[in-house]
Amino acid sequence: MKSIALKTFTLGLCFALSGCAFWQDNTSQPSVTTPIAKTALVNAFPYALTRSLALYQQLFVEFQSEDSKTDSSSFEAYLLADSRRIKLNLMHTNVPIWQIVYDGQTIHEERHSAVPSQLNARYLLSDIALSYWPEKFLTQELKPLTLRSQNNQRLIFDADGSLLTDIVYSNGATPENPQGSITLTNHSLHYRLIINSHCIR
């Protein structure tokens, strides 16, 4: 597997963890602008969901650590989403370490210091939306970027035709069916996110 690099984000939702604080409680309003790189980024508006989601997930992410070494983290998670709210609870070894709630206006998160500082709630919500939200909504939100769906993939290109993000669905997953596996590769920010999902209701 090729080396994966994830730059530290400088958006308002990019939180630096305090060395002495085990938990931080943060509330922010997301912005769709990203000054550090041209990348696919959308607001995961709950109202755009055409179905509710209740998923048990296993998340694996590869990124670059602060000492410039390729690093990875894995989590268990519960994703609950409907037209009013998105709630994502992440755990490590059965211990809750990160809770993210988004009502379409404000992102509220509580995160333990064990969560790598490179991981960003704004980007994680965006990646979930890019994977599971309806294509019609994403096509509108991503403009001037272009979304193409083909061969159980979603591909996002910039105006010059460069591939920014690709999402591959496998093990039964499709854009309409979250149960199974997805692999999202962000080519502009150089990280990879793998999500294995199982419906819980």
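Given the structure is predicted, the values throughout are model-derived calculations rather than measurements.

The next point concerns the side chain of Asn186. With respect to the helices and strands, Asn186 occurs in strand S10 (residues 180–186). On the accessibility criterion, Asn186 (1% relative accessible area) is buried. A polar contact of 2.7 Å, which involves the side chain of Asn186, links it to the backbone nitrogen of Leu189. Those residues in contact with Asn186 that sit more than four places away from it in its chain are Thr39, Leu164, Thr165 and Tyr191.

This paragraph deals with the nonpolar core. Residues Trp98, Leu124, Trp133 and Leu142 are the most contacted members of the largest nonpolar core, which totals 51 residues. When near neighbours in sequence (up to four residues on either side) are disregarded, Trp133 contacts Ala44, Phe45, Ala48, Leu49, Leu53, Ile86, Ile128, Leu138 and Arg154.

To continue, consider helix H1 (residues 121–132). Residues that lie three or four places apart on an α-helix share one face, since the helix turns once every 3.6 residues. For H1, which comprises 12 residues, the first-to-last C-alpha distance of 16 Å matches the rise-based estimate of 16 Å (1.5 Å per residue) to within 8%. Extensive coverage of H1 is indicated by the burial of 12 of its 12 residues. Within H1, burial applies to Ala121, Arg122, Tyr123, Leu124, Leu125, Ser126, Asp127, Ile128, Ala129, Leu130, Ser131 and Tyr132. At the N-terminal boundary of H1, the capping side chain belongs to Asn120, with an oxygen 2.8 Å from the backbone nitrogen of Arg122.

Calculation notes
- Residues numbered from 1 in each chain as written.
- Predicted model: local features only at pLDDT ≥ 70, side-chain atom pairs only at ≥ 80, totals over all residues.
- Heavy atoms only, no water.
- Helix = DSSP H or I, 4+ residues; strand = E, 2+ residues; numbered from the N terminus.
- Buried < 20%, exposed > 50% of the residue type's maximum accessible area, 1.4 Å probe, protein only.
- Polar contact = N/O pair within 3.5 Å; in protein donor to acceptor, adjacent residues only side chain to side chain.
- Contact = heavy atoms within 4.5 Å.
- Core = buried A, V, L, I, M, F, W, Y, C linked by side-chain atoms within 4.5 Å.
- Expected span 1.5 Å × (residues − 1).

Just geometry here; none of it tells us what the structure is for.
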